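Results of the structural survey
Spelled out, the chains give:
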Amino acid sequence: MAVVTGFIALLAYGLLAQGSTGTIEAALARGQTPDAPAFRRPVLVSGSLGPRFGSRIVTALERGTLSLSDLHGTPVILNIWASWCVPCQLEAPTLEKAWRQVARPDGVLFLGLDQQDDPRDATAFIRRYRISYPNIHDHGNDVTASYGATGVPETFAITARGRIVAHIIGQSSARQLKAAIAAARSGHIKGTT
């Protein structure tokens, strides 16, 4: 009986979470840019920002917690990942390359959001893949659920005004990331990829 109850609870969670993603997807399909859900999470690593990013972000990273409001005025690529996720491992070099070569020089912040992970495993993942952009930690699933993410990896492009303009489900490619970076900077919708 406990197994059946657990299965039903898991199925209900999946349907509810999928419904949230559908809301973001539907809004993007209608040409609307939904607000990015707010968050405040502990910083795993501050990364290497370079000169293009303001003191408010640096101060927040040094403080040890980062919120969406700290990022106001900065376009963001939010990548939701976990150290145990094989597609996350496969996309890590692509993300790092896009960050160094395209996003950081253009003033678009990459932000990793590690979810449901032991922070030690997460920091080992960051070191292993030489990730140099900031990463925060969602010990549960609160932030990912608020974005409607149903798996990892998922990536959202957020404008400087805090609006979602692109969503990549699954492992991202260099082409998809370049388009998401352009969407975050311009504020024009890219949609689902």
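Here, the structure is the one placed above.
Parameters and conventions
- Residues numbered from 1 in each chain as written.
- Predicted model: local features only at pLDDT ≥ 70, side-chain atom pairs only at ≥ 80, totals over all residues.
- Heavy atoms only, no water.
- Helix = DSSP H or I, 4+ residues; strand = E, 2+ residues; numbered from the N terminus.
- Polar contact = N/O pair within 3.5 Å; in protein donor to acceptor, adjacent residues only side chain to side chain.
- Buried < 20%, exposed > 50% of the residue type's maximum accessible area, 1.4 Å probe, protein only.
- Pairing = 2+ DSSP bridges.
- Disulfide = S-S within 2.5 Å.
- Axes fitted to C-alpha atoms, helices over the stretch in contact; angles between N-to-C directions.
- Parallel < 35°, antiparallel > 145°, perpendicular 65-115°, else oblique.
- Left-handed = near helix turned anticlockwise from the far one by under 90°.
- Contact = heavy atoms within 4.5 Å.
- Nonpolar A, V, L, I, M, F, W, Y, C, P; charged D, E, K, R; others polar.

Here Ser146 shows up in helix H5 (residues 142-147). Spatially, the C-alpha atom of Ser146 lies 8.4 Å from that of Ala38, the residues being 108 residues apart in sequence. Only 2.7 Å separates the side chain of Ser146 from the backbone oxygen of Val143, close enough to count as a polar contact.

Attention now moves to the pairing of strand E4 (residues 109-115). For a regular strand, side-chain orientation follows a simple rule: the groups alternate between the two sheet faces. Burial of E4 is extensive: 7 of the 7 residues sit out of reach of the surface. Burial of E4 is two-sided: the residues Leu109, Leu111, Leu113 and Gln115 facing one way and the residues Phe110, Gly112 and Asp114 facing the other way are all buried. With 6 bridges connecting them, strand E3 (residues 76-81) and E4 associate as parallel partners. What sits directly across from Ile77, in E4, is Phe110.

In terms of burial, strand E6 (residues 154-158) is largely enclosed, as 5 of its 5 residues are buried. Relative to E6, E3 runs antiparallel, the two being bridged by 5 bridges. By the bridge assignment for E6, Leu78 is matched with Phe156. Relative to strand E7 (residues 164-169), E6 runs antiparallel, the two being bridged by 5 bridges. The residue of E7 that forms the bridge with Ala157 is Ala166. Where E6 folds back onto E7 in an antiparallel hairpin, the turn is made up of 5 residues, including Gly162, whose phi is positive at roughly 80°.

By the definition in use, this model includes 1 disulfide. Here Cys85 connects covalently by a disulfide to Cys88, the sulfurs 2.4 Å from one another. Across the disulfide from Cys85 to Cys88, rotation about the S-S bond amounts to roughly 80°, and the bridge is consequently right-handed. Relative accessible area serves as the criterion here: at 3%, Cys85 is assigned to the buried category.

Before going further, it helps to examine the packing of helix H3 (residues 86-106) against helix H6 (residues 174-186). Their axes nearest at 10 Å, the elements H3 and H6 cross at an angle of 30°. In this view, H3 runs roughly parallel relative to H6, as classed from their interaxial angle. In this structure, H3 crosses over H6, and the sense of that crossing is right-handed. From H3, Thr94, Leu95, Ala98, Val102, Ala103 and Asp106 reach across to H6, where they touch Ala174, Leu177, Ile181 and Arg185. Its residues placed into classes, the contact of H3 with H6 shows 7 nonpolar, 1 polar and 2 charged.

In this structure, Thr74 sits in the loop between strand E2 (65-67) and E3. Thr74 gets classed as buried once you look at its relative accessible area, which sits at 11%. Not counting residues up to four positions away in its chain, the partners in contact with Thr74 are Phe53, Ile57, Gly107, Leu109, Thr159 and Ala160.

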